[in-house]
Amino acid sequence: MADTQYILPNDIGVSSLDCREAFRLLSPTERLYAHHLSRAAWYGGLAVLLQTSPEAPYIYALLSRLFRAQDPDQLRQHALAEGLTEEEYQAFLVYAAGVYSNMGNYKSFGDTKFVPNLPKEKLERVILGSKAAQEHPEEVRGLWQTCGELMFSLEPRLRHLGLGKEGVTTYFSGDCTMEDAKLAQDFLDSQNISAYNTRLFKEVGQDGKLHYEVRLASVRGTEPALDSEMTSKLKSYEFQGSHFQVTRGDYAPILQKVVEHLEKAKTYAANSHQEQMLAQYIESFTQGSIEAHKRGSRFWIQDKGPIVESYIGFIESYRDPFGSRGEFEGFVAMVNKAMSAKFERLVASAEQLLKELPWPPAFEKDKFLTPDFTSLDVLTFAGSGIPAGINIPNYDDLRQTEGFKNVSLGNVLAVAYATQREKLTFLEEDDKDLYIRWKGPSFDVQVGLHELLGHGSGKLFVQDEKGAFNFDQETVINPETGEQIQSWYRSGETWDSKFSTIASSYEECRAESVGLYLCLHPQVLEIFGFEGSDAEDVIYVNWLNMVRAGLLALEFYTPEASNWRQAHMQARFVILRVLLEAGEGLVTVTPTTGSDGRPDARVRLDHSKIRSVGKPALERFLRRLQVLKSTGDVAGGRALYEGYAAVTDAPPECFLTLRDTVLLRKESRKLIVQPNTRLEGSEVQLLEYEASAAGLIRSFSERFPEDGPELEEVLTQLATADARFWEGPSKAPSGQA
């Protein structure tokens with residue numbers, strides 16, 4: 001059997017996302033709008049398979065064929081007859097549910113590969129003897145031959161997502177290195193092309209020179225285009241001794257489905273903002289234009305307080321090893337009015353609270369652009385995973401001048417962060433009951449502050465293409481050096497492109513630190529309804545949760561490569577290091593032995609020292625983070641951040657040794673079962689599923705009732721067309737194009 005780090009356990013937590021009441025309150029027109037947006041999101045989410053690993057599309061197609069022909073209960077009877085135990089079949093169901101939930105065979109949270117926890121020979125018997133194989137023997141056998149080895153392989157390079165020798169990624173061809181990624185970013189910056197919707201493919205040309213293809217995601221391909229915005233970019237370039245060709249058409253048949261449903265959703269839009277937003281998204285996905293997506297995002301920002309909220313596109317760059325390319329995601333959700341009212345009060349206090357942050361006014365935006373901040377119940381979240389909160393759009397220029405929106409995903413929080421006492425690790429017994437009582441409320445506060453005032457704060461110093469600055473070079477002083485500002489962002493440079501590999505984690509750390517810092521403010525706690533001892537308990541549990549999360553983060557550190565696989569967890573480890581460095585017994589991490597005789601550890605936080613020791617330490621750290629970000633000081637930012645993110649075995653904490661304990665005691669992240677919507681006549685029905693691996697599989701088996709086989713063929717054709725770029729699948733499965 002595989003190392004437990006690379007399997008999903010049979011007893012993994014599975015929860016169903018409850019949005020029944022919020023959906024019931026929608027009008028018929030709002031339901032139709034939500035339905036077509038959901039369809040667009042689910043179709044687009046299939047692109048994530050092609051953004052993850054070479055084998056992921058084949059694994060998805062194989063599983064879809066199996067479970068369309070036989071549901072989990074029917075396949076169980078066949079599997080048991082083939083000699084599998086109940087535990088082995090359950091392990092296969094959990095694996096399949098994991099592939100669907102993560103949109104691939106790598107965990108969305110941690111980027112670690114997971115493999116089936118049963119012998120390969122037994123799974124092969126189940127697959128080749130299944131009803132699907134009887135009905136389509138060549139196709140099923142071909143799919144298994146193409147992905148079977150890679151499905152189980154734990155060859156060192158394949159254990160994690162990464163670039164070059166560090167792991168596998170399909171954002172880049174297999175021969176790309178970090179140097180190639182940097183060269184490509186410099187090229188993209190020079191042509192003012194965004195990396196968000198691109199992939200990079202490298203080959204050596206007949207002339208012996210390196211040839212790079214920058215491929216944009218779009219419905220349209222190489223045919224002559226009428227749109228001047230993108231036509232001028234689609235050509236060959238010579239750059240620093242290498243040949244670059246900008247093309248488009250990545251994921252074309254998938255994005256065609258997205259566009260079709262966005263067109264249908266437009267019919268049911270509630271206002272002109274939504275209509276224009278969808279029109280620009282359609283333009284973006286059709287032509288491959290990030291500028292069109294930005295225009296759509298502007299209309300989205302202006303659509304204040306919609307009943308049905310959504311966002312769709314190539315959004316988060318966490319899984320690109322270089323940190324610039326966006327993973328496709330789309331969500332559709334409905335407003336939770338009670339919690340939204342609290343967030344509205346937080347927004348109303350935002351300008352006052354921003355003044356409490358520990359950097360000079362010149363380092364804050366010239367004007368706080370009041371955002372929407374709502375609590376939503378998610379109907380659909382397509383992509384590799386579901387976050388607890390979102391602050392979007394991620395385009396720096398829009399955030400600085402036009403604004404943004406914050407959303408807290410209430411029904412996700414309700415299921416994802418529910419905690420059982422017996423599964424609570426690394427806490428003192430005295431803290432466990434308090435932690436369970438206040439973790440949910442404290443997380444509401446942290447998510448609110450993190451999204452609104454963490455991601456929503458801070459100014460970037462920019463010099464535009466005409467040479468004009470957005471700050472006064474003569475008067476603005478760097479508070480860390482006492483000197484005038486020495487560095488800034490040039491035209492075309494962004495936070496992601498400049499800070500690249502650390503950008504996502506650095507920004508998450510800054511936002512988390514803002515949340516911890518401002519949760520000490522009485523006004524914040526009053527907004528959420530906490531006073532007196534309750535308020536103190538919320539503060540304590542919020543800080544305690546962060547330092548515990550910093551310890552748990554060690555699961556996502558890879559000692560062999562000395563790197564982190566998850567931005568949020570790296571950020572939390574950095575905060576733990578900052579608070580440990582504060583000294584005076586504020587935080588201690590003590591190795592111990594558990595009741596089972598195996599290594600264990602305890603985290604302790606001294607409540608009485610949070611304000612006197614913790615706050616000043618966090619204040620100094622936050623100011624440095626913001627100053628380095630504002631000034632675009634990459635060298636200083638890397639030195640600070642990578643210094644705190646380093647994991648060694650130096651005493652007293654001995655973090656490398658503690659990592660072994662964390663892996664020994666780890667609990668797998670829950671799988672979340674989402675509903676479907678189905679159009680019956682002119683009415684939209686909500687289809688819900690049980691909270692189990694089998695329920696999650698059924699939700700996906702029923703997700704594409706009209707065109708499931710067609711989508712499987714599309715995915716395998718797209719994967720096969722690019723298979724030569726990786727060491728994985730090199731030819732089409734039998735029966736596939």
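These figures come from a predicted structure and were not determined experimentally. (Residues numbered from 1 in each chain as written. Predicted model: local features only at pLDDT ≥ 70, side-chain atom pairs only at ≥ 80, totals over all residues. Heavy atoms only, no water.)

(A) Here's a closer look at the overall build of the chain. Per the secondary structure count, the chain includes 29 helices and 17 strands. Computed over its C-alpha atoms, the radius of gyration of the chain comes to 25 Å, within 12% of the 27 Å expected for a compact globule of 737 residues. Here the C-alpha coordinates of the chain stretch approximately 70 × 65 × 60 Å along the principal axes. Counting all 737 residues of the chain, 61% fall into the buried class. Summarising the internal contacts of the chain: among those between residues at least 6 apart in sequence, 75% fall at separations of at least 24. Counting every atom, the chain has about 27,600 Å² of accessible surface; 48% of that belongs to carbon and sulfur. The averaged location of the 105 negative side-chain charges in the chain is 0 Å from the averaged location of its 78 positive side-chain charges. (Helix = DSSP H or I, 4+ residues; strand = E, 2+ residues; numbered from the N terminus. Rg over C-alpha atoms; globule rule 2.2 N^0.38 Å. Buried < 20%, exposed > 50% of the residue type's maximum accessible area, 1.4 Å probe, protein only. Contact = heavy atoms within 4.5 Å. Areas by Shrake-Rupley, 256 points an atom, 1.4 Å probe, with all protein chains shown as cover. Lys, Arg positive; Asp, Glu negative; His and termini not counted. Charge placed at Lys NZ, Arg CZ, Asp CG, Glu CD.)

(B) Local environment of the packing of aromatic side chains. Counted according to the given criterion, the structure contains 40 aromatic pairs. A centroid spacing of 5.1 Å and a plane angle of 40° characterise the contact between Trp564 and Phe573, whose relative ring orientation is tilted. Phe573 carries the same exposure label as Trp564, and that label is buried. By the ring-pair criterion, three or more aromatic residues cluster together here, those being Phe187, Tyr212, Tyr237, Phe239 and Phe244. A cation over an aromatic ring shows up here: Lys405 above the ring of Trp300, its NZ or CZ 4.6 Å from the ring centre. Above the ring of Trp438, the side-chain terminus of Arg437 is found at 3.9 Å from the ring centroid. (Phe/Tyr/Trp six-rings, centres within 6.5 Å; stacked < 30°, edge-to-face > 60°. Lys NZ or Arg CZ within 6 Å of the ring centre and 35° of its normal.)

(C) Structural view of the sheet that holds strand E6 (residues 308–316). Spatial strand order, E6-E7-E8-E10-E9: 5 strands in an open sheet with mixed pairing. Bordering the open sheet on either side are E6 and strand E9 (389–392), each of which pairs with just one other strand. Each adjacent strand pair in this sheet contributes to an overall mean axis angle of 35°, direction not counted. Sheet topology places E6 next to strand E7 (residues 327–335); 8 bridges connect them, and they run antiparallel. In the strand pairing of E7, Glu309 is matched with Ala333. (Pairing = 2+ DSSP bridges. Axes fitted to C-alpha atoms, helices over the stretch in contact; angles between N-to-C directions.)

(D) Representation of the pairing of strand E2 (residues 198–204). Most of E2 is tucked away: 5 of the 7 residues are buried. The pairing of E2 with strand E3 (residues 210–217) spans 7 bridges and is classified as antiparallel. Each bridged residue has a counterpart across the sheet, and for Glu203 the counterpart in E3 is His211.

(E) Representation of the UniProt feature "active site" (unreviewed entry) in the chain in the model. Within this numbering scheme, the UniProt entry marks Glu451 as carrying the feature "active site" (unreviewed entry). Along the chain, Glu451 turns up in helix H19 (residues 429–454). Residue class for Glu451 comes out buried when judged on its relative accessible area of 6%. Residues within four places of Glu451 in sequence aside, it is in contact with Phe373, Gly389, Ile390, Asn391, Asn406, Val407 and Gly456. (UniProt positions renumbered as here; feature names shortened; annotations may be inferred.)

(F) Local environment of the sheet that holds E3. Across the sheet, which stays open at both edges, the 4 strands sit in the order E2-E3-E5-E4 with mixed pairing between neighbours. Two strands in the sheet have a free side with no partner beyond their single neighbour: E2 and strand E4 (236–239). For this sheet the average axis-to-axis angle between neighbouring strands, irrespective of direction, equals 30°. Sheet analysis places E3 next to strand E5 (residues 242–250), joined by 7 bridges and oriented parallel. Each bridged residue has a counterpart across the sheet, and for Val214 the counterpart in E5 is Val246.

(G) Region of the structure containing the UniProt feature "binding site: Zn(2+)" (unreviewed entry) in the chain. The sites that carry the UniProt feature "binding site: Zn(2+)" (unreviewed entry) are, in the present numbering, His450, His455 and Glu508. Considering the C-alpha atoms alone, the annotated residues occupy 59 residues of sequence yet fold into one spot, their largest mutual distance being 8.4 Å. By secondary structure assignment, the location of His455 is in the loop between H19 and helix H20 (495–499). Other than its neighbours up to four places away in sequence, His455 contacts Asn391, Arg399, His450, Glu507, Glu508, Arg510 and Ala511. Here Glu508 is to be found in helix H21 (residues 503–518). Under the relative-accessibility criterion, Glu508 is labelled buried at 4%. Sequence-distant contacts of Glu508, that is, excluding residues within four places in its chain, are made with Tyr318, His450, His455, His568 and Ala571.

(H) The arrangement of the environment of Leu579 in detail. Looking at where Leu579 falls in the secondary structure, it is placed in helix H24 (residues 567–581). For Leu579, a relative accessible area of 0% gives the class buried. Between the C-alpha atoms of Leu579 and Leu663, which are 84 residues apart in sequence, the distance is 23 Å. If we skip the residues at most four places from it in the chain, Leu579 touches Trp543, Val547, Leu586, Val587 and Gly614.

(I) Expanded view of the nonpolar core. Judged by nonpolar contacts, the single largest core of 118 residues is most densely connected at Phe67 and Phe285. Among the elements that line this core, the one with the most residues is helix H4 (residues 56–69), at 10 residues. Setting aside residues no more than four positions away along its own chain, Phe67 makes contact with Pro72, Leu75, Tyr89, Phe92, Leu93, Ala96, Tyr100, Ile697 and Ser701. Ranked by size, the runner-up nonpolar core spans 93 residues in total, among them Leu424, Cys509, Ala571 and Ala601. (Core = buried A, V, L, I, M, F, W, Y, C linked by side-chain atoms within 4.5 Å.)

(J) Region of the structure containing the domain arrangement of the chain. As assigned here, the chain comprises domain 1 (53–102 + 116–152 + 692–724) and domain 2 (426–665). Each of domain 1 and domain 2 has a C-alpha centre, and these two points are 40 Å apart. (Domains from an automatic or database assignment.)

(K) Inspection of the packing of helix H23 (residues 532–552) against helix H25 (residues 610–630) at higher detail. It is at 13 Å that the axes of H23 and H25 come closest, and there the two elements cross at 50°. The orientation of H23 with respect to H25, classified from their angle, is oblique. Classified by chirality, the crossing of H25 by H23 is left-handed. Residue-level contacts link Glu536, Ile539, Tyr540 and Trp543 of H23 to Ile610, Arg611, Gly614, Lys615 and Leu618 of H25. A class-by-class count of the residues in the contact of H23 with H25 yields 5 nonpolar, 1 polar and 3 charged. (Parallel < 35°, antiparallel > 145°, perpendicular 65-115°, else oblique. Left-handed = near helix turned anticlockwise from the far one by under 90°. Nonpolar A, V, L, I, M, F, W, Y, C, P; charged D, E, K, R; others polar.)

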